[in-house]
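Examination of the molecular architecture
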Amino acid sequence: MTAIQQVLWELRMDYIGHPYYVSGNAILHALSQHLDPETHAAVSASHGVFVPGQFGTFPEEHSQSGIRPYLGSGLPDVEAYDDLFLQREAMHPWLLDTRARDALNTHDLRVHGGHPALAHETIMGRREDQRKQQQTTKWYVHAYLHADDPTVLPLDEDVLEGLQFGGKRNYGYGEVELKDTQMVDLDELDYSRLEGAETYLIELVTPFVLASEYPEANDRTIPWWWAENRDDLRLREEKILEQREVFRLETVDHGQVVKYLGDRPVETAKNGLQRVGSHSRYGFGELRLKPLGEQYQEPEK
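Residues numbered from 1 in each chain as written. Predicted model: local features only at pLDDT ≥ 70, side-chain atom pairs only at ≥ 80, totals over all residues. Heavy atoms only, no water.

Under the counting rule described, the total for this entry stands at 13 salt bridges. When the shortest N-O distance is used, the salt bridge between Asp 82 and Arg 193 registers 2.6 Å. Taken together, the residues span a long stretch of sequence, with Asp 82 in the loop between β5 (67-68) and α3 (101-104) and Arg 193 in the loop between β10 (176-185) and β11 (199-204) at a distance of 111 residues. By relative accessible area, Asp 82 is classed as buried at 7%. The exposure class assigned to Arg 193 is partly exposed, which follows from its relative accessible area of 42%. (Salt bridge = Lys/Arg side-chain N within 4 Å of Asp/Glu carboxyl O. Helix = DSSP H or I, 4+ residues; strand = E, 2+ residues; numbered from the N terminus. Buried < 20%, exposed > 50% of the residue type's maximum accessible area, 1.4 Å probe, protein only.)

You can read the domains of the chain as domain 1 (3-185) and domain 2 (192-296). With centres defined by C-alpha atoms, the gap from domain 1 to domain 2 works out at 22 Å. Each partner contributes to the interface: domain 1 provides 23 residues, whereas domain 2 provides 25 residues. Interface area, domain 1 with domain 2, both sides summed: about 2000 Å², of which 49% is carbon and sulfur. (Domains from an automatic or database assignment. Contact = heavy atoms within 4.5 Å. Buried area = accessible area lost by both parts, 1.4 Å probe.)

The subject of this paragraph is a negative patch on the surface. A cluster of acidic residues, Asp 156, Glu 157, Asp 158, Glu 161 and Glu 175, forms a negative patch at the surface. Relative to the helices and strands, Glu 161 resides in the loop between α4 (157-160) and β10. For Glu 161, a relative accessible area of 32% gives the class partly exposed. (Patch = residues over 30% accessible without salt bridge, like charges linked within 9 Å, V, L, I, M, F, W, Y side chains within 5 Å. Areas by Shrake-Rupley, 256 points an atom, 1.4 Å probe, with all protein chains shown as cover. Lys, Arg positive; Asp, Glu negative; His and termini not counted. Charge placed at Lys NZ, Arg CZ, Asp CG, Glu CD.)

So, on to the layout of surface pockets. Estimated volume of the largest pocket: approximately 810 Å³. Forming the walls of the largest pocket are 29 residues, and the residues nearest its centre are Ser 23, Asn 25, Ala 26, His 29 and Leu 241. Mapped onto the lining of the largest pocket, the elements with two or more residues apiece are α1 (24-31) and β13 (235-242). Its residues placed into classes, the lining of the largest pocket shows 12 nonpolar, 11 polar and six charged. For the lining of the largest pocket, the two domains that each supply at least three residues are domain 1 (3-185) and domain 2 (192-296). (1 Å grid on protein atoms, 1.4 Å probe; cavity = no way out; pocket = protein on both sides within 12 Å on 5 of 7 lines; lining within 4 Å. Points joined across faces, edges and corners; volume = space filled by probe spheres on them. Nonpolar A, V, L, I, M, F, W, Y, C, P; charged D, E, K, R; others polar.)

Our next topic: the sheet that holds strand β15 (residues 257-260). In a beta sheet, neighbouring strands are held together by backbone hydrogen bonds and run either parallel or antiparallel to one another. The three strands are arranged β15-β11-β16 in an open sheet whose pairing can be described as antiparallel. Every interior strand has two partners, whereas the edge strands, β15 and β16 (287-292), have only one. Adjacent strand axes in the sheet meet at a mean angle of 30 degrees when their direction is disregarded. Across four bridges, the pairing between β11 and β15 is antiparallel. By the bridge assignment for β15, Glu 203 is matched with Val 257. Docked against the sheet, helix α5 (residues 265-274) engages β11, β15 and β16, running at close to 150 degrees with respect to β16. (Pairing = 2+ DSSP bridges. Axes fitted to C-alpha atoms, helices over the stretch in contact; angles between N-to-C directions.)

Moving on, we come to unusual backbone geometry. Between Leu 153 and the following residue, Pro 154, the backbone shows a cis peptide bond with an omega angle of 5 degrees. Inspection of the secondary structure puts Pro 154 in the loop between β9 (134-147) and α4. Phi at His 92 takes a positive value of approximately 45 degrees, unusual for a residue other than glycine. Looking at where His 92 falls in the secondary structure, it is placed in the loop between β5 and α3.

The final tally for this structure, using the stated rule, is 10 aromatic pairs. For the pair Phe 55 and Tyr 70, a centre-to-centre distance of 5.1 Å together with 45 degrees between the ring planes defines the contact as tilted. Linking Phe 55 in the loop between β3 (49-52) and β4 (56-57) with Tyr 70 in the loop between β5 and α3, this pair joins segments that are 15 residues apart in sequence. The exposure class of Tyr 70 is partly exposed, given its relative accessible area of 43%. Each ring, one from Tyr 81 and one from Tyr 191, has its centre 5.7 Å from the other, and the planes form 35 degrees; the classification is tilted. A residue pair is termed long-range when its members are at least 10 positions apart, and Tyr 81 in the loop between β5 and α3 and Tyr 191 in the loop between β10 and β11 qualify at 110 residues. Judged by relative accessible area, which is 1%, Tyr 81 ranks as buried. (Phe/Tyr/Trp six-rings, centres within 6.5 Å; stacked < 30°, edge-to-face > 60°.)

In structure tokens:
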């Protein structure tokens, strides 16, 4: 059995840190205070994606359908591969178009001691003729854990509770409360949407590390099963913090889409969930495989 543990935390205090995500390195650092060294060394963590606690509708590729209240504030059942990415897209396409989705999908920024912080809730005013004069959106952090040793997971709820992410933690920032967690067996999921397509694309959910200042972290080349070469990719510098020392990373930026040249889409999809490349234990290298239907194929010449 290849299993992951999905975790959803509710932000209880403003977060000072990376503006796009809570890094897997930060999640592992927080967990280290609750785990023995042997267990901690066996666990890998994804990046944590910020999710607004809002109404939404399941996207077409999801195994479920319909509108759900506060779709972002819980963990829906996972039956198929695409279900895993419901809350891991920064755009959150499941947000209802009938609401102010752009505003609801944007963090408020607050400045604390000269440091910009992502607000743990967004408060929007409403018209005077409406029953409630304001609407509050709470923010959540979605991540998942996996381990080479299947006996390590699931981590107990008391281990996942009382964590803090980001900077200024001694002042209370980055405090989270466990909202929901569930185990998912990757071998039991439905991968039928990945079978039989002529063309596949790979979306980089998190940055892919090419080079690292961290000792003995081997530099990586672009995987052979990407059609694009280095010159066609958007690069970004990232950093990880280890024992108060900063190590710079050269990465292929997340959010990019490349063409898949391999012939094992299901195996690649599973590997992408466990992440590939250097620093995969810390959340880098998460991939999503997407099949293209006939309507997207290039016309024959």
